[in-house]
Structure formats: structure tokens, C-alpha cells
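# Breakdown of the fold
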Amino acid sequence: MIGRLNHVAIVVPDLAAAAAKYRDLLGADVRPPRDLPEHGVTVVFVELDNSKVELMTPFGDNSPVAKFLTEHPNGGMHHICFEVPDLAHAARKLVEGGARVLGDGTPKTGAHGLPVLFIHPKDFDGTLIELEEVKPELQPG
Ligand code: CO
């Protein structure tokens, strides 16, 4: 059911410092920061050949990652995102199998403008998993 690893999201306390490390120490293709007020985060995408790293830091007062940063002041891995061709099918299969989909269980528009949902980390070995619907015709290669 799942396809490519779309991204790994890492919450960081200092976005500029984190972006500089990926650019200068790892030699990565680091994109400029983007504020996503509707998601309560500012992000920097690190473009890799086969996937992306999404560096995130809180934006605004009600950021969903503010609590994460309080609990992990040095930052840390927040979630991993897999691509699926049909999110409704994926959600049905997960719920049938006893996994909890976060929120009301319906897909929301994610940081890339595509439908996403999140699976409860307690049902996936302590890892928050995001599924993003990417239609096969939109997938590169
Ligand atoms: Co994500």
C-alpha cells in the first residue's frame, strides 16, 4: 500500500542553524524557509535525491510542535511520511486493523497542499506516521 518515503520531519529549536548545518556540513540542497501559518510551523525543505528532510520550528502561538520542543529542547524526529495512492482506502484499512487515525479520521490538507492523515504513534511503535496521498501520475519518475 505505501510507496515512497516522502519526507522525514525534524523539529528544531533554531531553524537557521539547522539549515546551515545541512547545507554546510552535509552539503545538502537546502531551500529557503517558508512560513506555513495554517499549520503553525516554519519549514525548510532539504531536497535529497530520493526523498526530503523537513526541518520545522514553531510559528505563532498555537503551534502543534511547540509542546514537542518543550519536551525535546534540542529538537528531534517528529514524524515520517509515506506516500499512498488512495488515502481513503489506507484509512479504512488502518481502522479495520485497529490502528487509530488522529483527529476525526478524515484527511486534512498537509504542508504540501495534498491530503494527509496521521496514525497514532502508540499504534506504530512510538513513531508518528503521516500518509500523504500522491496520485501515481504526480510521482516523479
Ligand atoms: Co509531514
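Everything below is about the structure printed above this text.
In this text, all values refer to a predicted model and were calculated from it rather than measured experimentally.

As a further point, take the overall build of the protein chain. Looking only at helices and strands, the protein chain features 3 helices and 9 strands. Secondary structure elements in the protein chain, listed N-terminal to C-terminal, are β-α-β-β-β-β-α-β-α-β-β-β. Dimensions of the protein chain, computed from C-alpha atoms along their principal axes, come out at roughly 45 × 35 × 25 Å. Counting across all 141 residues of the protein chain, residues that qualify as buried make up 41%. In the protein chain, 13 positive and 20 negative side-chain charges are present, and the distance between their average locations comes to 3 Å.

As a further point, take the pairing of strand 1 (residues 5–11). In terms of burial, strand 1 is largely enclosed, as 6 of its 7 residues are buried. Two elements, strand 1 and strand 5 (residues 52–58), share 4 bridges in a ladder whose sense is parallel. In the sheet register, Ala 9 faces strand 5, and the bridge partner there is Glu 54.

Bound to the cobalt ion are the protein donor atoms His 7 (NE2), His 79 (NE2) and Glu 130 (OE), situated 2.0 to 2.1 Å from the metal. The motif formed by the donor residues of the cobalt ion, counted along the single chain, is H-x71-H-x50-E. Taken together, the residues span a long stretch of sequence, with His 7 in strand 1 and Glu 130 in strand 9 (residues 129–133) at a distance of 123 residues. Exposure remark for Glu 130: the relative accessible area of 5% places this residue in the buried category.

With 25 residues, the main nonpolar core has Leu 55, Leu 94, Leu 117, Ile 119 and Leu 131 as its most contacted residues. Within the residue set of this core, elements represented by two or more residues are strand 1, helix 1 (15–25), strand 4 (41–47), strand 5, strand 6 (76–84), helix 3 (87–96), strand 8 (115–119) and strand 9. Counting residues per element, this core draws most heavily on helix 3, at 4 residues. Not counting the four nearest positions on each side in its chain, Leu 55 is found in contact with Ile 10, Val 12, Leu 15, Ala 18, Ala 19, Tyr 22, Thr 42, Val 43, Val 44 and Val 46. Within the second largest apolar cluster, 11 residues are counted, among which are Ala 9, Leu 36, Val 41 and Phe 68.

Pairing between side chains of opposite charge can happen when their charged atoms approach one another. The tally for this structure, following the rule as stated, stands at 7 salt bridges. The partner of Asp 123 in a salt bridge is Arg 100, with the nearest N and O atoms 3.0 Å apart. Residue Asp 123 is located in the loop between strand 8 and strand 9, and its partner Arg 100 is located in the loop between helix 3 and strand 7 (108–109); the two are separated by 23 residues in the primary sequence. Here Asp 123 falls in the partly exposed class, since its relative accessible area comes to 27%. Lys 108 is paired through a salt bridge with Asp 104; the nearest N and O atoms lie 3.0 Å apart. Overall, Asp 104 belongs to the exposed group, its relative accessible area being 59%.

Looking only at helix 1, the buried set comprises Leu 15, Ala 18 and Ala 19. Seen along its axis, helix 1 keeps its buried residues to an arc of 100°; they face one direction. Away from its buried face, by an angle of more than 90 degrees, helix 1 presents the exposed residues Ala 16, Asp 24 and Leu 25. Tucked into the core, helix 1 has its buried residues touching strand 2 (29–30), strand 4 and strand 5. The backbone nitrogen of Ala 16 lies 3.2 Å from a side-chain oxygen of the residue at the head of helix 1, namely Asp 14. Positive phi shows up at Gly 27, right after helix 1, with a value of about 65°.

Here is what the cut-offs are and how they apply
By convention here, each chain's residues receive numbers from 1 onward along its written sequence. Under the rules for a predicted model, residues below a pLDDT of 70 receive no local features and side-chain atom pairs below 80 are neither given nor counted, while totals for whole chains, interfaces and linings still include all residues. Based on all heavy atoms of the structure, the side-chain values leave hydrogens and waters out of the count. Strands here are runs of E lasting at least two residues and helices are runs of H or I lasting at least four, both read from the DSSP assignment and numbered beginning at the N terminus. Summary of the burial criterion: residues with accessible area below 20% of their type's maximum are buried, those above 50% are exposed, and those between are partly exposed, where the area comes from a 1.4 Å probe applied to protein chains only. Under this rule, positive means Lys or Arg and negative means Asp or Glu; His and the chain ends count for nothing. Where a charge lies is defined by one atom per residue type: Lys uses NZ, Arg uses CZ, Asp uses CG and Glu uses CD. We treat two strands as partners when DSSP finds at least two bridges between them. Water is not among the atoms examined, so metal sites may look incomplete; donors are the N, O and S atoms within 2.8 Å of the metal, or within 3.2 Å for Na, K and Ca. Grouping buried Ala, Val, Leu, Ile, Met, Phe, Trp, Tyr and Cys residues that are joined through side-chain atoms within 4.5 Å yields what is termed a nonpolar core. Residues count as neighbours in contact if any of their non-hydrogen atoms are within 4.5 Å of one another. One speaks of a salt bridge when a side-chain nitrogen belonging to Lys or Arg is within 4 Å of a carboxyl oxygen belonging to Asp or Glu. Throughout, the arc means that of the directions going from the helix axis to the C-beta atoms. Polar contact criterion, stated in full: a pair of N or O atoms within 3.5 Å, where within protein one must be able to donate a hydrogen and the other to accept it, and residues adjacent in sequence count only if both atoms are side-chain atoms.

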